[in-house]
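Remarks on the overall topology
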Amino acid sequence: MALSSLALIVSYAVNAQEVATSDDIELIEVVGSQQRMPSFNPNDNELSGIFGPGLSAFDVPRSVTSLSAEMIEALNISTIHDIAKIAPNAYASSGFGTPSLPSIRGQLGELFQDGIRRQAGNNGFGLPLSFNSVEQIDVVKGPSPVLFGSTQRNGGFVNLQTKTAPLSGTSGEIALRAGRWDQYSASVDIGTAIEEGKHGIRVSAERLDQGSFFDYASQKSQNVFVAYRYAPSDDSRWDLSAEYYNADYPDIAGINRPTQALIDHNLYITGQGVQSNGSTVPAAGSIISPTGEVVISRSLVYTHPDDINHADTTLLRSKLIHEVNDTVTLRNITYFQYLNREEIATNSFVEIIDGASTFENRTELDFRYNKNQITTLGVSLRYNDVLGYSQFTTEADNPVDLTGPLSNRVIPLTDEQKVRLIELRPNVYVSPGGQYDLDGDGTGDYNLSDTTDSTTWQTGLVLQQRSQWTHRFSTIAGVRIDYYDVTANDPLAPEDVVAASDSHSDTLLSYQLSASYKLSNALNIYAALSENEATSNSMAGGTALGADNLINPLNFATENRLYEVGIKYAPDDNWYAEAALFDQTRSLRNRDGSNSGIKSQGVELQAFYQNDTFWINGSYSYLDARFDDSVSFQDTSQVADAFDNSRPDIIQGTGIGSPSFTTFAASDNRIQGVPEQIVSFNAAWHISEKVLVGASGQYTKSFPLDFLGTVQIRDQINVDVNANYQVSPALSVRLDVLNVTDEENWQPVFEGGYFGATLVMPNLPRHLQASMQYAF
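A few points about the sheet that holds strand 6 (residues 134-141)
Strand order in the open sheet formed by five strands is 1-6-7-4-5, and the pairing between neighbours is mixed. Looking at the sheet topology across the chains shown, the edges are occupied by strand 1 (64-68) and strand 5 (116-117). Summarising the sheet, strand 4 (residues 110-113) and strand 5 pair through two bridges and their orientation is antiparallel. Among the inter-strand pairings, Gln113 is bridged to a residue of strand 5, identified as Ile116.

Here it is in structure tokens:
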């Protein structure tokens, strides 16, 4: 029976083939979805430019986390600090509520875009970062590679990959979002080919109008991005883009007087600080006589409605890739950014960047002698010109009673303070950019901050060799020399005084060496060494004069070293995992412009899995970060110093006063404000064809908030959940519930621990966000 049936089928098929033609055959296409979601595997992304072209996470000899545009959307990443959801050892302080730089391995990290260092303002509080121009985020641990050049921050870096225009078809997306506290945003992203295969254009625009859980802390911003791609041949591709961004945003100092009772029970000690002369205007050395203890609203942070904080910036980018022949490839990357920023706060803090221009051009030539050897020669030129004014010498945070009237927070300058500053404009006083002894008593008459008019030329020469010695063993070796030529002038010297100025030139050396060995096609082990000499800069990457009116040569001699070993696992498209051990020394720029040595060791683990209906990611990090026999600075030694001992039932105060600008002796003490262990997970699951649910969670182990460890931020967890409904192939809606368990978590306000005994930031309570996306 079976044989006769088979014969009948074969006979029918043969006869049908004889009588049918291509014109009368009806083709039926069955469309299905073996995998209902796009690939989120970080190993599918190309980490462009880090050690040259064409490397995936599996190939890069560093601990890395790469986020595609789909993963950025899935994890609801909206600020640079959100990378901590997925990247190990990326925990960050709040950055005064507006993060502008990443934090990696316990210190501020560097920010690149297409391999060029971006202008981000001043040491973590500069201007917000919009992802409107970004389609991929690569988080890389350790100092920047020689191709990128020496930088100030060496714990790690984030390289943003810019959106590009399509060369075929037309597509676009409109996204709307609304959240608690009147937080609204809208964006549109449209790309189209102008001539198929030859050139195309893409336009993205984003607008944010966001209220805040915190008092007096709204943000409004606009970002417009235009990209153009030209491909005259298969051998050449030229990407051009322009971006404009402006923002009004808050400087949120968190809640002051961070006692353990505040961390554990939201208990806040009341009473306005008093100066020795009886004034209740906040000032250095003020002492608080406690008047009581109250449960403070976590939204009652140190802000003021009359504070001014605005920034706008314009960026131009060019990236040309041309395959000269089968042996030589040319890459040329150009970047220009112009930045203005103005903050004038009622607590007397002033930072004005009255124009910062940054330009960099880098040309790289790849020579492929054969498929196993690639030699890269590069030359770069970077120019940075900064005119800026600042004043941070009269702030005093602990004396302010946040539960009292807003007038408690205002610091009007006294005549004695004004005479040590310069009036930049009516009622706006800043530090001069140099020190002067007008009365001839042998001491300077002015308070110095970061005011500068400085210009830096950086010229770099780089050589890198990528070698595939066998099908298992490969190496990457590189060396770079950077020559710096810097001038700094005082743009606001007192009348009838010759303005201070100085110049300095220096040569900095960087080198790297890594080796990788494939135990199998799925398993790769690596070892990496990196050493570099880096700079230590002030506002907007500028250089300020010291109290001796000279450029400190030590700012060009900060040494950084990394030893790292790791293993990576990528058996197929579904799995990716890696583990790394590292030992790193680096420098930390202190608030007064000096540098402290830091040594850190740690472990980083991360794993990813995806199948047809779900994906999951998990990571673990351990970090032991300590001062490397170096001094440490804190606004106040301990929070008890801000109080007298008149109410020992509330706090046993020392009566020293705050701020007291404490210097701790050289030690190997643990760095405050950094958790030792972090565990995180992210997952999403298609529970039906149209419904996708997801979750993210993070645990941080307790850590000291201040240098002496008198206050601890306890073990904390945070869990976010979301659900996405596909209304139609083009339309989807999503609901996010952030901090779903409504934890009352805390984080430091600023990197480096300077404000550890002065300020702490409450995290947001449970809140909802609803969004809609329409693709076309």
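Some points on the pattern of salt bridges
As enumerated under the stated definition, the model contains 25 salt bridges in all. For Asp239, the salt bridge identified is with Arg237, shortest N-O distance 3.6 Å. On the accessibility criterion, Arg237 (31% relative accessible area) is partly exposed. When the shortest N-O distance is used, the salt bridge between Arg734 and Asp736 registers 2.7 Å. We note that Arg734, like Asp736, is buried. Here the salt bridges do not stand alone but share partners, grouping Arg331, Glu360, Arg362, Glu364, Asp366 and Arg382 into one network.

Re the nonpolar core
Phe214, Ile255, Leu402, Phe643, Ile713, Trp746 and Val760 are the most contacted members of the largest nonpolar core, which totals 39 residues. Secondary structure elements with two or more residues in this core: helix 3 (260-265), strand 14 (267-270) and strand 39 (759-762). The element contributing the most residues to this core is strand 39, with three residues. Sequence-distant contacts of Trp746, that is, excluding residues within four places in its chain, are made with Tyr91, Ile255, Leu262, Ile263, Asn266, Arg298, Ile713, Gln716, Val760, Met761, Pro762 and Asn763. Counting 29 residues, the second-largest nonpolar core is a separate cluster that includes Met71, Ile80, Ile86 and Val158.

Thoughts on unusual backbone geometry
Cis geometry marks the peptide bond from Ser658 to Pro659; its omega dihedral reads 0 degrees. As for its placement among the helices and strands, Pro659 is situated in the loop between strand 30 (630-634) and strand 31 (662-667). Of note in the backbone geometry, Asp114 takes a positive phi value of approximately 55 degrees without being a glycine. On the secondary structure map, Asp114 appears in the loop between strand 4 and strand 5. If you check the backbone angles, Ser348 has positive phi at about 85 degrees while not being a glycine.

Observations concerning a nonpolar patch on the surface
A surface patch of nonpolar side chains, amounting to about 470 Å² of accessible area, comprises Leu377, Leu463, Val479, Ile481, Leu509 and Tyr511. Sorting the residues of the nonpolar patch by element identifies strand 23 (473-489) and strand 24 (501-518) as the ones contributing at least two each. Locating Leu509 in the fold gives a position in strand 24. On the accessibility criterion, Leu509 (39% relative accessible area) is partly exposed.

What about the pairing of strand 20 (residues 422-425)?
In this structure, strand 20 lies alongside strand 21 (residues 428-430), joined through three bridges in antiparallel fashion. Note that in strand 21 the partner of Glu423 across the bridge is Tyr429. What sits between the antiparallel neighbours strand 20 and strand 21 is a turn of two residues, in which Asn427 has the positive phi angle 65 degrees.

What to know about the pairing of strand 12 (residues 236-248)
Note that strand 11 (residues 219-233) and strand 12 share 12 bridges and pair antiparallel. Pairing of Tyr230 across the sheet is with Trp238, part of strand 12. Linkage of strand 11 to strand 12, two consecutive antiparallel strands, is achieved through a turn of two residues. For strand 12 and strand 16 (residues 308-323), the ladder comprises 13 bridges, and the chain directions are antiparallel. Bridge pairing in strand 16 places Asp248 opposite His310.

Some details on the sheet that holds strand 38 (residues 746-747)
What the three strands build is an open sheet, ordered 13-39-38; its pairing is antiparallel. At either end of the open sheet lies a strand with only one pairing partner, and these are strand 13 (255-256) and strand 38. Both strand 13 and strand 39 contribute to a ladder of two bridges, which runs antiparallel. What sits directly across from Asn256, in strand 39, is Leu759.

Some points on the environment of Tyr228
Of note, Tyr228 is situated in strand 11. Sequence-distant contacts of Tyr228, defined by excluding residues within four places in its chain, comprise Ala165, Ile194, His199, Gly200, Trp238, Asp239 and Leu240. A distance of 3.1 Å separates polar atoms of two side chains, one belonging to Tyr228 and the other to His199.

Structural notes on the side chain of Glu243
Within the secondary structure, Glu243 sits in strand 12. For Glu243, a relative accessible area of 4% translates into the label buried. Among the polar contacts made by the side chain of Glu243, one reaches the side chain of Ser133 at a distance of 3.1 Å. Side-chain polar atoms of Glu243 contact the side chain of Asn223, separated by 2.8 Å. Beyond its immediate stretch of four places on either side in the chain, Glu243 contacts Arg118, Ser133, Asn223, Val224, Phe225, Thr313, Thr314, Leu315 and Arg317.

About the criteria used
Residues numbered from 1 in each chain as written. Predicted model: local features only at pLDDT ≥ 70, side-chain atom pairs only at ≥ 80, totals over all residues. Heavy atoms only, no water. Pairing = 2+ DSSP bridges. Helix = DSSP H or I, 4+ residues; strand = E, 2+ residues; numbered from the N terminus. Salt bridge = Lys/Arg side-chain N within 4 Å of Asp/Glu carboxyl O. Buried < 20%, exposed > 50% of the residue type's maximum accessible area, 1.4 Å probe, protein only. Core = buried A, V, L, I, M, F, W, Y, C linked by side-chain atoms within 4.5 Å. Contact = heavy atoms within 4.5 Å. Patch = residues over 30% accessible without salt bridge, like charges linked within 9 Å, V, L, I, M, F, W, Y side chains within 5 Å. Areas by Shrake-Rupley, 256 points an atom, 1.4 Å probe, with all protein chains shown as cover. Polar contact = N/O pair within 3.5 Å; in protein donor to acceptor, adjacent residues only side chain to side chain.

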